[in-house]
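# Summary of structural features
The lines below spell out each chain.
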Amino acid sequence: MKLLVVNPNTTSSMTRKIADAAHACAHPETEIIAVNSQDGPASIQGYLDVSTCVPGLLDVVRAHPDVDAIVVACFDDTGVDAVRCITSAPVIGVGEAAYHAASMISPKFSVITTLSRSLAGLEANLLRYGLDRRCVRVRASDVPVLKLEENDPKTIDIIRAEIRAAIVEDRAEAIVLGCAGMTDLMSHLSEEFKLPVVDGVACAVTFAEALVKAKLTTSKLCSYS
């Protein structure tokens, strides 16, 4: 099985981090092809970045026509519907994957994301997916996406503080990490806080493998034709 994991921004260090997370959870026989866009923003934070990164994302997908499934590794689920229109392979956004996974293992969850300007888009996605009732709050850490690439302990402490607040104030029973750049934090934060901390990259990769094994493809009847 060939799985294309696309980082729609142009930051290669984040792509390497995403690739490591994908390899860690994928079946040994799954070939992971991790690529980032060559054109577009260096990070995706808000409506303008979401719009401007789509052409580069589509170029990457068109350059890999023989893959069995595609993961769009941006928590905004940037361009997922557009990608579904140009392929019959299953296409999974890491945001949608994480939300569904959290809803399967907890009655309510909170999301910890990056900048405040991302909140409206993520909240709109939850409403669209029908999972807004399960998400008690989307919290902005106000940590820029590219700051996550620096591995600064102070940055992780900010995310920890938001998780503590989500547990106490939101009464969340699971935490969704609202940025693909946070993928490397899942394991130790889950252990530290003794609750599920959900990473969308891992969820999207395993969901994509499951859809391929179930021989399911993207519907071309109407909307994605």
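Look a little higher up for the structure.
Residues numbered from 1 in each chain as written. Predicted model: local features only at pLDDT ≥ 70, side-chain atom pairs only at ≥ 80, totals over all residues. Heavy atoms only, no water.

Further remarks concern the state of the cysteines. Scanning the model with the defined rule gives 0 disulfides in all. No disulfide involves C222; its sulfur sits 10 Å from the nearest other cysteine sulfur, which is in C85. Here C222 falls in the exposed class, since its relative accessible area comes to 55%. (Disulfide = S-S within 2.5 Å. Buried < 20%, exposed > 50% of the residue type's maximum accessible area, 1.4 Å probe, protein only.)

Either a parallel or an antiparallel arrangement is found when strands of a sheet pair, and the pairing is made through backbone hydrogen bonds. In space, the 4 strands of this open sheet follow the order β2-β1-β3-β4, with parallel pairing throughout. The sheet terminates laterally at β2 (31–36) and β4 (91–93), the two strands that pair on one side only. Ignoring which end each strand starts from, the neighbouring axes of this sheet average 20° apart. Sheet strands in contact with helix α3 (residues 54–62) are β1 (2–7), β2 and β3 (69–72), and its direction is about 160° off that of β1. Strands β3 and β4 of the sheet are contacted by helix α5 (residues 94–105), whose axis makes an angle of about 75° with β4. (Pairing = 2+ DSSP bridges. Helix = DSSP H or I, 4+ residues; strand = E, 2+ residues; numbered from the N terminus. Axes fitted to C-alpha atoms, helices over the stretch in contact; angles between N-to-C directions. Contact = heavy atoms within 4.5 Å.)

As a further point, take the environment of I44. Among the structural elements, I44 can be located in the loop between β2 and α2 (47–52). Given the relative accessible area of 8%, I44 is considered buried. Each C-alpha atom of the pair I44 and A124 lies 16 Å from the other, and the pair is 80 residues apart in sequence.

A word on helix α1 (residues 12–25). Look at α1: 20 Å from first C-alpha to last across 14 residues, which is about the 20 Å you get at 1.5 Å a residue. Taken together, the buried positions of α1 are M14, T15, K17, I18, A19, A21 and A22. Looking at the packing, one finds that the buried side of α1 touches β1, β2, β8 (197–199) and α9 (200–213). (Expected span 1.5 Å × (residues − 1).)

Among the nonpolar cores identified, the biggest contains 56 residues, and Y99 and F109 are the most heavily contacted of them. With 6 residues, α5 is the largest single contributor of residues to this core. Residues in contact with Y99, not counting those within four places in the same chain, are F75, F109, V111, L122, L126, Y129 and L131. Of all hydrophobic cores here, the second largest spans 14 residues; its members include V61, I70, V72 and V91. (Core = buried A, V, L, I, M, F, W, Y, C linked by side-chain atoms within 4.5 Å.)

The values are spatial; any link to function lies outside them.
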